[in-house]
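# A structural walkthrough
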Protein chains: 2
Amino acid sequence: MEFSDLFPVFSKLTKAQQDLLLSGVSKRTAPKGTVLHRGEGDCLGLVLVAEGQLRAFLTSEEGRQITLYRLFPWDLCLFSASCSMRSIQFDIQLEAERDTVFWLIPADLYQALSQDSLAVANHTNEILSARFTEVMWLMEQILWRRMDKRLAAFLLEESELEGSSTLKTTHDRIADHLGTAREVVTRMLRYLQSEGMVQLSRGSIAITDEEKLRELAL
Amino acid sequence: MEFSDLFPVFSKLTKAQQDLLLSGVSKRTAPKGTVLHRGEGDCLGLVLVAEGQLRAFLTSEEGRQITLYRLFPWDLCLFSASCSMRSIQFDIQLEAERDTVFWLIPADLYQALSQDSLAVANHTNEILSARFTEVMWLMEQILWRRMDKRLAAFLLEESELEGSSTLKTTHDRIADHLGTAREVVTRMLRYLQSEGMVQLSRGSIAITDEEKLRELAL
């Protein structure tokens, strides 16, 4: 897909702004598993997803992770350009969960455009607000929802994303999504198995009673 | 303080925009302890603090709370106007921690101004980004910092805010700030007391070894 089709306010820019933007953006690919952005002050730029799927996550000093949100086609990631937004003082990491094609917008170019175009500034507000909503939802989950319910909801969501009731994943990987330790995930998966909701085998988890899992996730 | 002195982009508005804004805003007072905004879809408007101190917090269905951030003079709260920002789909609550004077900006008026003024749109971006940074910091604390360290840091911050080494507060109230249960706070305060860092008495906590508390908070 072309950049102009993916960037929703493109048609609201002046011809000069459009030309400036088109001359600055570049199309990139990231095979599944690529870490696009490590945080720590590196300044990738803004990422506009054309195909595939990205995971935005946090990493602790000890290497623990938690998934903040996913980015799908049409989604724009601002936080990989936090270098150019002085009010954003935190680092996220980005990795490709599928083979991904994306447009890269240089941070300085987007920042200049925001200062110059009301449409871009308001689009940035929309994106910030939407991400804020996702992160606040996650914070409430972490604070107030039992881990077994979060795990049940996660398995159902992943199953929907993958279009399969069998998930190829590891306990480590699930712990990285949920922001907990592998041992906690293993213990809870065994509990779910003992209740007949899942069937565990090496490198995969099969959902065997979706309805019961949905009840737990409520 | 006058509205035009407190609202940082006032001078960047046209005369017509300034007049529109001044005709819509109103000065309000909230005595200490007032809940200004309960969330749940009520639409207070934007709150621009002139004097005093507000606490923005989340409440769980079971009534547990956690402090998200504080608002001081010059700070603008957008989330008490989430009704007019369709991308913001979460509710915060606001209460006055001191006798507070604030200017109220009607949500629709601010929204209309954002669509019309680049300065306002970019100011909104700055505020959203700054709050996002605070909330991400809090999320990392919740996920990866031990509760005793969070409690130590909280006591030191409160002592600085109050300008006193003796805090007039309850274990319940501290639990509401930190998003945990009262029993957890009581247990940890007793531990801090046994280590000589604080002295507990009814309705107050005295910091008796600030240096040791600071070491714990690291």
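The next subject is the domain arrangement of chain A. Residues and elements named next belong to chain A. Domain parsing of chain A yields domain 1 (3-143) and domain 2 (145-217). Summarising the inter-unit geometry, the C-alpha centres of domain 1 and domain 2 are found 29 Å apart. Each partner contributes to the interface: domain 1 provides 17 residues, whereas domain 2 provides 13 residues. Around 1,200 Å² of area is buried between domain 1 and domain 2 when both sides are counted, 35% of it from carbon and sulfur atoms. Here domain 1 and domain 2 share four salt bridges between them. Where Glu-97 meets Arg-173, a salt bridge forms, and the shortest distance between an N and an O atom there is 3.9 Å. The tally of links between domain 1 and domain 2 comes to eight residue pairs in polar contact (both at pLDDT 80 or more). Broken down by secondary-structure element, the contributors of at least two residues to the side of domain 1 that touches domain 2 are strand S5 (65-71) and helix H4 (118-144). Its residues assigned to classes, the side of domain 1 that touches domain 2 shows six nonpolar, four polar and seven charged.

Once that is clear, we can look at the confidence of the model for chain A. Residues and elements named next belong to chain A. Averaged over all residues, the pLDDT of chain A is 93; the fraction at 70 or higher stands at 100%. No element of chain A has a lower mean pLDDT than strand S2 (residues 35-37), at 90, and none a higher one than strand S8 (residues 100-105), at 97. Scored as a complex, the prediction yields pTM 0.88 and ipTM 0.87.

Another aspect to go through is the environment of B:Leu20. All names here are of chain B. Structurally, Leu-20 is set in helix H2 (residues 15-24). According to the relative accessible area criterion, Leu-20 is partly exposed, its value standing at 45%. The spacing of Leu-20 and Leu-109 is 89 residues in sequence and 8.3 Å in space, taken between C-alpha atoms.

Taken together, the contact pairs 40 residues of chain B with 40 residues of chain A. Summed over both partners, the interface of chain B with chain A comes to about 3,500 Å²; 70% of that surface belongs to carbon and sulfur atoms. Sorting the residues of chain B by area buried against chain A places B:Phe132, B:Met139 and B:Trp144 first, and these three jointly supply 21% of that buried surface. Summed over the shared surface of chain B and chain A, the result is zero salt bridges. At the boundary of chain B with chain A, the tally comes to seven residue pairs in polar contact (both at pLDDT 80 or more). Only strand S4 (54-59), strand S5 (65-71) and helix H4 (118-144) of chain B provide two or more residues apiece to the side of chain B that touches chain A. Ranked by residues supplied to the side of chain B that touches chain A, first place goes to H4(B) with 20 residues.

Turning our eyes to something else, we now look at the sheet that holds strand S9 (residues 166-168) of chain A. Residues and elements named next belong to chain A. Spatially, the three strands line up as an open sheet ordered S9-S11-S10, and their pairing is antiparallel. Two strands lie at the open edges of the sheet, namely S9 and strand S10 (198-201), each paired on one side alone. Each strand axis lies, on average, 15° off the axis of its neighbour in the sheet, ignoring direction. Where S10 meets strand S11 (residues 204-207), four bridges bridge the pair, whose relative direction is antiparallel. Each residue of the ladder has a partner; that of Ser-201, found in S11, is Ser-204. Contacting S10 and S11, helix H7 (residues 182-194) crosses the sheet at an angle of about 125° to S10.

Okay, the nonpolar core next. Within soluble globular proteins, side chains that are nonpolar tend to cluster in buried spots. A:Phe7, A:Leu21, A:Ile92, B:Leu21 and B:Ile92 are the most contacted members of the largest nonpolar core, which has 108 residues in total. Ignoring sequence-local partners within four residues, the contact set of B:Ile92 consists of A:Met136, B:His37, B:Arg38, B:Gly39, B:Ala56, B:Phe57, B:Leu58, B:Leu68, B:Tyr69, B:Cys77 and B:Phe79.

Right, let's get into the side chain of B:Ser114. Relative to the assigned elements, B:Ser114 resides in helix H3 (residues 107-114). Judged by its relative accessible area of 3%, B:Ser114 falls in the buried class. Beyond its immediate sequence surroundings of up to four residues, B:Ser114 is in contact with A:Leu118, A:Asn122, B:Val120, B:Ala121 and B:Thr124.

Take helix H6 (residues 171-178) of chain A next. Residue and element names in this part refer to chain A. Residues of H6 that are buried: Ile-174, Ala-175, His-177 and Leu-178. With its buried residues spanning 160° around the axis, H6 presents them on a single face. Elements that come into contact with the buried residues of H6 comprise strand S4 (54-59), S5, helix H5 (147-162), H7 and S11. Positive phi appears at Gly-179, one or two residues downstream of H6, with a value of about 75°.

Now for the relation of the copies chain B and chain A. Mapping chain B onto chain A is achieved by rotating through 180° and translating by 0.0 Å along the same axis, at an RMSD of 0.0 Å. The superposition of one copy onto the other is thereby described by a two-fold rotation axis. A share of 100% of interface residues in chain B that are also interface residues in chain A marks the association as one of identical surfaces.

The next thing to look at is the environment of A:Gly196. Residues and elements named next belong to chain A. Tracing the backbone through its elements, the reader meets Gly-196 in the loop between H7 and S10. Given a relative accessible area of 35%, Gly-196 falls into the partly exposed group. Between the C-alpha atom of Gly-196 and that of Gln-53, which follows or precedes it by 143 residues, the distance is 31 Å. Beyond its immediate stretch of four places on either side in the chain, Gly-196 contacts Thr-208 and Asp-209.

With that settled, consider the packing of H6(A) against H7(A). All names here are of chain A. Interhelical geometry of H6 versus H7 gives an angle of 110° and a closest axis separation of 8 Å. When the axis of H6 is compared with that of H7, the two are roughly perpendicular. On the side of H6, the interface is formed by His-171, Asp-172, Ile-174 and Ala-175, while H7 contributes Arg-182, Val-185, Thr-186 and Leu-189. Partitioned by chemical class, the residues of the contact of H6 with H7 number four nonpolar, two polar and two charged.

This part covers the pattern of salt bridges. Residues and elements named next belong to chain A. Under the counting rule described, the total for this entry stands at 24 salt bridges over all chains. Put simply, Arg-70 and Glu-97 hold a salt bridge, and the shortest N to O gap is 2.9 Å. With Arg-70 in strand S5 and Glu-97 in the loop between strand S7 (93-96) and S8, this residue pair connects regions lying 27 residues apart in the sequence. Judged on exposure class, the residue Arg-70 and its partner Glu-97 are both buried. Residues participating in the shared-partner salt-bridge network are Arg-55, Arg-70, Glu-95, Glu-97, Glu-158 and Arg-173.

Parameters at a glance
Residues numbered from 1 in each chain as written. Chains lettered and ligands numbered in written order. Predicted model: local features only at pLDDT ≥ 70, side-chain atom pairs only at ≥ 80, totals over all residues. Heavy atoms only, no water. Domains from an automatic or database assignment. Contact = heavy atoms within 4.5 Å. Buried area = accessible area lost by both parts, 1.4 Å probe. Salt bridge = Lys/Arg side-chain N within 4 Å of Asp/Glu carboxyl O. Polar contact = N/O pair within 3.5 Å; in protein donor to acceptor, adjacent residues only side chain to side chain. Helix = DSSP H or I, 4+ residues; strand = E, 2+ residues; numbered from the N terminus. Nonpolar A, V, L, I, M, F, W, Y, C, P; charged D, E, K, R; others polar. pLDDT = per-residue confidence, 0-100. Buried < 20%, exposed > 50% of the residue type's maximum accessible area, 1.4 Å probe, protein only. Pairing = 2+ DSSP bridges. Axes fitted to C-alpha atoms, helices over the stretch in contact; angles between N-to-C directions. Core = buried A, V, L, I, M, F, W, Y, C linked by side-chain atoms within 4.5 Å. Arc of directions from axis to C-beta. Least-squares fit on C-alpha atoms with pLDDT ≥ 70 in both. Parallel < 35°, antiparallel > 145°, perpendicular 65-115°, else oblique.

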